[in-house]
Amino acid sequence: GEQVEQLPSILRVQEGSSASINCTYENSASNYFPWYKQEPGENPKLIIDIRSNMERKQTQGLIVLLDKKAKRFSLHITDTQPGDSAMYFCAASALGNYNVLYFGSGTKLTVEP
Amino acid sequence: DPKIIQKPKYLVAVTGSEKILICEQYLGHNAMYWYRQSAKKPLEFMFSYSYQKLMDNQTASSRFQPQSSKKNHLDLQITALKPDDSATYFCASSQSGGQNTLYFGAGTRLSVL
């Protein structure tokens, strides 16, 4: 399996500022690291992911960084908006012929106007 | 137009009873999964199936039994229900082969009284 630790559990930021969420994992065989956003009463939805052959990926105001040596990866949301308020989950999966994801405990992000 | 259909959306059950949670996906995926989300353990992996075969089971209790009658179906039978089973159960699917995006259904919210 895999153990994924996620911090912080609660994050409040001002609109327009950046928000950062950090995750660590244990299994050095893990090679795929997606991030999911979940709004209240909804299902989790993929927002960005990174594979182990990359150190950085950016898309539409989201940046993910991966440090394989430290077994650490992070999500950075730039220019946050109230619509970014949600639960965010990091996840990691190990090599194999199926895609089992192990999720962190989640970060509740609130973007205040 | 949801591509992963879970039924029912809400379910109330009595302690000791048995329920079946239905999941069908129309994404053409070969792999299907069950995850459980509760206040204690956000997004906990339960089972994975690939080509209708059980690949991984990380649910300690045999009261939880997945059933795959067709390639795009993965139901979850829960027997001898306990109040601790109260949670939202998410069905998910992906292509087999690892590192493929995991898509979640809308979930079944189960309450055991």
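Quick note: structure is the one above.
Not measured: the values here are computed from a predicted model.

Draft legend 1. Region of the structure containing the nonpolar core. Core analysis: the largest hydrophobic core is formed by 40 residues, its most contacted members being Trp35, Phe73, Leu75 and Phe103 of chain A together with Tyr35 and Phe104 of chain B. Counting residues per element, this core draws most heavily on strand β9 (residues 86-94) of chain A, at six residues. Each residue touching Phe104 of chain B, except ones within four places of it in the same chain, is listed here: Tyr36, Asn43, Pro44 and Phe103 of chain A together with Ile4, Tyr35, Leu43, Phe90, Cys91 and Ala92 of chain B. Counting 20 residues, the second-largest nonpolar core is a separate cluster that includes Ile4, Cys23, Leu81 and Ala87 of chain B.

Draft legend 2. Quick look at the sheet that holds strand β1 (residues 4-7) of chain A. All names here are of chain A. Taken together, the five strands give an open sheet; going across it, the order is β1-β3-β8-β7-β6, and neighbouring strands pair in antiparallel fashion. Every interior strand has two partners, whereas the edge strands, β1 and β6 (56-59), have only one. The mean angle between the axes of side-by-side strands here comes to 15°, regardless of whether they run parallel or antiparallel. Judged from the six bridges that link them, strand β7 (residues 62-67) and strand β8 (residues 72-77) form a sheet pairing that is antiparallel. Opposite Asp67, over in β8, you have Arg72 as the bridge partner.

Draft legend 3. Looking closely at the pairing of strand β6 (residues 53-57) of chain B. Residues and elements named next belong to chain B. By the bridge criterion, four bridges tie strand β5 (residues 44-50) to β6 in an arrangement that is antiparallel. Within the sheet, the bridge partner assigned to Tyr49 lies in β6 and is Leu54. Linking β5 to β6, which pair antiparallel, is a turn of two residues; within it Tyr51 sits at a positive phi near 50°.

Draft legend 4. Spotlight on the interface of chain B and chain A. Counting residues at the interface gives 23 residues for chain B, matched by 23 residues for chain A. Of the roughly 1900 Å² buried at the junction of chain B and chain A (both faces included), carbon and sulfur atoms supply 53%. The interface formed by chain B and chain A holds zero salt bridges in total. Summed over the shared surface of chain B and chain A, the result is six residue pairs in polar contact (both at pLDDT 80 or more). Contributing elements (two or more residues each) for the side of chain B that touches chain A: β4 (31-37), β5, β6 and β9 (87-94) of chain B. At three residues, the largest contribution of residues to the side of chain B that touches chain A is made by β4 of chain B. Along the lines of polarity and charge, the residues of the side of chain B that touches chain A split into 10 nonpolar, 11 polar and two charged.

Draft legend 5. Molecular detail of the environment of Ser61 of chain B. Residue placement: Ser61 of chain B occurs in the loop between β6 and β7 (64-67). Here Ser61 of chain B falls in the partly exposed class, since its relative accessible area comes to 23%.

Draft legend 6. Representation of unusual backbone geometry. Following Leu7 of chain A, the chain continues to Pro8 of chain A via a peptide bond in cis, the omega torsion being -5°. Mapping Pro8 of chain A onto the fold places it in the loop between β1 and β2 (10-14). Going from Lys7 of chain B to Pro8 of chain B, the amide bond is cis rather than trans, its omega being -10°. Here Pro8 of chain B shows up in the loop between β1 (4-7) and β2 (10-13). Even without a glycine there, the phi angle at Tyr51 of chain B is positive, about 50°. In this structure, Tyr51 of chain B sits in the loop between β5 and β6. Even without being a glycine, Ala80 of chain B presents a positive backbone phi close to 45°. Position of Ala80 of chain B relative to the elements: it lies in the loop between β8 (75-78) and β9. Residue classification places Ala80 of chain B among the partly exposed residues on the basis of a relative accessible area of 38%.

Draft legend 7. Quick look at the state of the cysteines. Residue and element names in this part refer to chain B. One pass over the full model with this rule turns up two disulfides over all chains. Disulfide pairing is shown between Cys23 and Cys91; the S-S distance is 1.9 Å. The sign of the -70° torsion about the S-S bond sets the Cys23-Cys91 disulfide as left-handed. Note that Cys23 is positioned in strand β3 (residues 19-25) and Cys91 in strand β9, a separation of 68 residues in sequence. In this pair, the class of Cys23 matches that of Cys91, namely buried.

Procedures and definitions
- Residues numbered from 1 in each chain as written.
- Chains lettered and ligands numbered in written order.
- Predicted model: local features only at pLDDT ≥ 70, side-chain atom pairs only at ≥ 80, totals over all residues.
- Heavy atoms only, no water.
- Core = buried A, V, L, I, M, F, W, Y, C linked by side-chain atoms within 4.5 Å.
- Buried < 20%, exposed > 50% of the residue type's maximum accessible area, 1.4 Å probe, protein only.
- Helix = DSSP H or I, 4+ residues; strand = E, 2+ residues; numbered from the N terminus.
- Contact = heavy atoms within 4.5 Å.
- Pairing = 2+ DSSP bridges.
- Axes fitted to C-alpha atoms, helices over the stretch in contact; angles between N-to-C directions.
- Buried area = accessible area lost by both parts, 1.4 Å probe.
- Salt bridge = Lys/Arg side-chain N within 4 Å of Asp/Glu carboxyl O.
- Polar contact = N/O pair within 3.5 Å; in protein donor to acceptor, adjacent residues only side chain to side chain.
- Nonpolar A, V, L, I, M, F, W, Y, C, P; charged D, E, K, R; others polar.
- Disulfide = S-S within 2.5 Å.

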